[in-house]
Amino acid sequence: MLAAIEAGGTKFICAVGGAHDDIWAQKTIPTSTPDETLSACARFFQDAQVRFGVITGLGIASFGPLDLTRSATYGSLLATPKSGWAGTNFAHYFGHQVGVRVALDTDVNAAVLAEARVGAARGARDAVYITVGTGIGVGVMSGGQLLHGTLHPELGHMPVPRAHGDEKFESQCPYHSDCVEGLASGPAIAMRASMPASILPSDHLAWQAEAYYLAQLCRTITLAYAPERIIIGGGVMAQKSLIGKVRREAERLIAGYVPVATRSGGMERYIVEPALGKISGLVGAFLLAQQNKPTGGR
Ligand code: ADP
Ligand code: ZN
C-alpha cells in the first residue's frame, strides 16, 4: 500500500491505495497548526495500516519553500509565510509517526510529474507546470528528472517588463516590485480590476495584461528548458478565454526564435491545460511514493 499527501495552505488531502488510480481511502484535513494537522494525518495513516496492511512509501506534494537537500534537514519547510509552519519537518515526522520512508517535493514539481506520466504531457521527458492561483508556482521536469538545484525553481518570481498601461500598478509580492507573481497572481488581478478574478468578465482589459505576463513566463521557460509542453493550471485558469490569449502573446514574444512550439505540433499543443485538474498534486504524491526515494539534487 502506498500513501500520499497533498499539503496545501488551506487543507491537507491524505490518501492510501495501490496506486494513484486505485485509491482505497482518502481524507481532507484542514491546515491549522502543524501539531494538529500532522497528527490528524498520522492517525489516518495508522488507521489505514490497521485496515489494509503496511504502507511501503509515503509521497508528499507540499507548498514551499522546502528543504530538499540530501542533508539532516531534508524534508522541512523553510521560511514559509504560513504562520507557525517554518521548520516543520515532514520527513522526520512521518518517518517516526508512521514508520515509513518519505519522498517529498513541491506541489508544482509533483504536478509536472503527474502530468508528464499520466496527464496532458504523457510521455514527455521535458515539461513545465505553471500554477496561477493565490501565488504563481512553476515545476520543472528536465530530461525525465524533477529539477531542484539547491532549492527548487521559483520562476513565479522572475522579473517581467510591465504591460503597456500597467506601469503604475503596485506589485502584490512583498519581495519584488516587478515579478510575475506580484503582477499576475489571482490577488494581483483582483487588485488591478477592483473585483475578484473569479467574477471578472472575459472581455475585461485586465485579461490582456494577465496574458502578457504569463506569456513572458512561458517565453523564459521556453528559452531556459525547451520543454515539449507547458501546462498551465490553477484557479485563475478557470477563466477559459485566458489560455488562448497566453498562446497568442507567447507566440508573439518568442517571435519564431526557437521552433519548440512547432516541434510540439503548434501553440495549441505546446501551451495546454492540465488533464488531471485539481488532483495533479495528489497523483504526483502517489508517483513520488512509488519511486520511494528522497527527491532533491544535492
Ligand atoms: P491556491 O493558489 O490558493 O491553491 P487556486 O489555485 O484555486 O488556489 O487559485 C485561487 C485563485 O483563483 C483566486 O485568486 C481566485 O480569485 C481565482 N479564481 C477562482 N475561480 C476563478 C475563475 N472562475 N476565474 C478566474 N479566477 C478564478
Ligand atoms: Zn516576487
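Residues numbered from 1 in each chain as written. Chains lettered and ligands numbered in written order. Predicted model: local features only at pLDDT ≥ 70, side-chain atom pairs only at ≥ 80, totals over all residues. Heavy atoms only, no water.

Attention shifts here to the site of ligand 1. Taken together, Gly133, Thr134, Gly186, Ala197, Ser198, Gly234, Gly235, Val236, Ala238 and Gln239 are the residues near ligand 1. At a separation of 2.6 Å, an oxygen atom of ligand 1 approaches a polar side-chain atom of threonine 134. Between an oxygen atom of ligand 1 and a main-chain N or O atom of valine 236, the distance comes to 3.4 Å. Out of a free accessible area of 580 Å², ligand 1 has 59% covered by protein chains. (Near = heavy atom within 4 Å. Polar contact = N/O pair within 3.5 Å; in protein donor to acceptor, adjacent residues only side chain to side chain. Areas by Shrake-Rupley, 256 points an atom, 1.4 Å probe, with all protein chains shown as cover.)

This part covers the pairing of strand β8 (residues 127-132). Of all six residues that make up β8, five are buried, and the element is covered over most of its length. Sheet topology places β8 next to strand β9 (residues 136-142); six bridges connect them, and they run antiparallel. Each bridged residue has a counterpart across the sheet, and for threonine 131 the counterpart in β9 is glycine 137. Where β8 folds back on β9, the antiparallel hairpin that results is connected by three residues. Judged from the five bridges that link them, β8 and strand β11 (residues 229-233) form a sheet pairing that is parallel. Following the sheet pairing, valine 128 is matched in β11 by isoleucine 230. (Buried < 20%, exposed > 50% of the residue type's maximum accessible area, 1.4 Å probe, protein only. Helix = DSSP H or I, 4+ residues; strand = E, 2+ residues; numbered from the N terminus. Pairing = 2+ DSSP bridges.)

This paragraph deals with the coordination of the zinc ion (ligand 2). Protein-derived coordination of the zinc ion (ligand 2) comes from His157 (ND1), Cys173 (SG), His176 (ND1) and Cys179 (SG), at a distance range of 2.1 to 2.4 Å. Every donor counted, the four donor atoms about the zinc ion (ligand 2) form angles of 102 to 118° at the centre, which fits tetrahedral coordination. Sequence spacing of the donor residues for the zinc ion (ligand 2), all on one chain, is H-x15-C-x2-H-x2-C. Taken as a pair, histidine 157 in the loop between β10 (145-146) and α4 (180-184) and cysteine 179 in the loop between β10 and α4 lie far apart in primary sequence, 22 residues in all. (Donors = N, O, S within 2.8 Å, 3.2 Å for Na, K, Ca; no water. Tetrahedral: all angles 85-135°; square planar, octahedral: opposite > 155°, others 65-115°.)

Looking now at helix α1 (residues 34-52). With 19 residues, α1 should cover 27 Å at 1.5 Å per step; its first-to-last C-alpha distance of 26 Å lies within 8% of that length. Listed in full, the buried residues belonging to α1 are Pro34, Thr37, Leu38, Ala40, Cys41, Ala42, Phe44, Phe45 and Ala48. Contact partners of the buried residues in α1: β1 (2-7), β2 (11-19), β3 (22-30), β4 (57-62) and α2 (90-97). (Expected span 1.5 Å × (residues − 1). Contact = heavy atoms within 4.5 Å.)

So, about the packing of aromatic side chains. Given two aromatic rings, their pairing is described by the distance between the two centres and the angle made by the two planes. Here the structure, examined in full by the defined rule, presents eight aromatic pairs. Consider the rings of phenylalanine 12 and phenylalanine 90, whose centres lie 6.2 Å apart with planes at 50°: the pair is tilted. Of this pair, phenylalanine 12 sits in strand β2 while phenylalanine 90 sits in helix α2, and the two are 78 residues apart along the sequence. With a relative accessible area of 0%, phenylalanine 12 lands in the buried category. Here phenylalanine 90 falls in the buried class, since its relative accessible area comes to 0%. Taken together, a centroid distance of 5.4 Å and an interplanar angle of 65° make the contact between tyrosine 212 and tyrosine 213 edge-to-face. Exposure remark for tyrosine 212: the relative accessible area of 12% places this residue in the buried category. The exposure class assigned to tyrosine 213 is buried, which follows from its relative accessible area of 0%. Counting every residue linked through ring pairs, the aromatic cluster contains Phe12, Phe63, Trp85 and Phe90. Against the face of phenylalanine 169 rests arginine 192, its NZ or CZ located 4.2 Å from the ring centre. (Phe/Tyr/Trp six-rings, centres within 6.5 Å; stacked < 30°, edge-to-face > 60°. Lys NZ or Arg CZ within 6 Å of the ring centre and 35° of its normal.)

Across the sheet, which stays open at both edges, the five strands sit in the order β10-β9-β8-β11-β12 with mixed pairing between neighbours. Looking at the sheet topology across the chains shown, the edges are occupied by β10 and β12 (271-272).

On to the sheet that holds β4. Taken in spatial order, the five strands line up as β3-β2-β1-β4-β7 in an open sheet, and their pairing is mixed. Whereas interior strands pair on both sides, the edge strands pair on one side only; in this sheet they are β3 and β7 (102-106). Sheet twist, expressed as the mean angle between neighbouring strand axes with direction ignored, is 15°. For β2 and β3, the ladder comprises eight bridges, and the chain directions are antiparallel. Pairing of lysine 11 across the sheet is with proline 30, part of β3. Strands β1, β2, β3 and β4 of the sheet are contacted by α1, whose axis makes an angle of about 20° with β2. (Axes fitted to C-alpha atoms, helices over the stretch in contact; angles between N-to-C directions.)

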